[in-house]
Amino acid sequence: MTTYCADCEHCLVPFKGAHPGRWLCRQCPNTAEMGFGCVTPTTWDGADPFMRCVGVNGGACKLFERRQDGQTRLFVGEHHGDH
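> Break down the overall build of the protein chain for me, citing the residues and quoting the values.
Looking only at helices and strands, the protein chain has one helix and three strands in total. In the protein chain, the order of α-helices and β-strands from amino to carboxyl end is β-β-β-α. Among the 83 residues that make up the protein chain, the fraction classed as buried is 23%. Within the protein chain, contacts between residues separated by at least 24 positions form 62% of all contacts whose residues are at least 6 apart in sequence. A total accessible area of about 6000 Å² is found for the protein chain, and carbon and sulfur atoms account for 55% of it.

> Could you give an account of empty space enclosed by the protein, with specific residues and numbers?
The tally for this structure, following the rule as stated, stands at one cavity of 30 Å³ or more. Lining the largest cavity, in full, are Thr3, Tyr4, Cys5, Cys8, Cys11, Cys25, Cys53, Val56, Asn57, Cys61 and Phe64. Looking at side-chain class alone, the lining of the largest cavity contains nine nonpolar, two polar and no charged residues.

> Got a sec to walk through the pattern of salt bridges? Specific residues and values, please.
Under the definition given, this model contains one salt bridge. Between arginine 67 and aspartate 69 there is a salt bridge, and its shortest N-O distance comes to 2.8 Å. Residue classification places arginine 67 among the buried positions, given a relative accessible area of 17%.

The rules behind each value
- For every chain, the first residue of its written sequence is number 1, and the numbers climb from 1 along that sequence.
- Selection of residues for local features in this predicted model requires a pLDDT of at least 70, selection of side-chain atom pairs for listing and counting requires 80 or more, and totals for whole chains, interfaces and linings are taken over all residues.
- Remark: hydrogens and water are excluded; side-chain values derive from all non-hydrogen atoms of the structure.
- Helical segments are the DSSP runs of H or I of at least four residues, strand segments are the runs of E of at least two, and each set is numbered from the N terminus.
- Remark: exposure states derive from per-residue accessible area (1.4 Å probe, protein chains only) relative to the maximum for the residue type, with buried under 20%, exposed over 50%, and partly exposed in between.
- Contact between two residues is taken to exist if any of their heavy atoms lie within 4.5 Å; hydrogens are not considered.
- Computed with a 1.4 Å probe, the accessible areas rest on the Shrake-Rupley method; for each residue, only the protein chains presented here act as cover.
- Cavities and pockets were defined on a 1 Å grid built from protein atoms only: a cavity is a group of points that admits a 1.4 Å probe but offers it no way out, a pocket is an open group of points flanked by protein on both sides within 12 Å along at least five of seven lines, and a lining residue is one with an atom within 4 Å of any such point.
- Grid points are joined across faces, edges and corners, and a volume is the space filled by probe spheres set on the points.
- Side-chain classes are defined by residue name, with Ala, Val, Leu, Ile, Met, Phe, Trp, Tyr, Cys and Pro counting as nonpolar, Asp, Glu, Lys and Arg as charged, and the others, Gly among them, as polar.
- Criterion for a salt bridge: a side-chain nitrogen of Lys or Arg within 4 Å of a carboxyl oxygen of Asp or Glu.

Put into structure tokens, the structure is as follows:
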């Protein structure tokens, strides 16, 4: 079975309409030692808080959990309700 991040509970779409290449996996914190910037005093400003899905899932992801609502995330260009 191929595991698609669009069907996974751990997939985080950072903003409405974000290209799938920008989606993040909440199971994979970004531990890069980027240091602090000047945007906020308490977070890494130069890196996403989680790794991008495209770098985690090779089609048979061991972290995959099917979304509880049974929905599939929409891709850029698709329109469905308020998504």
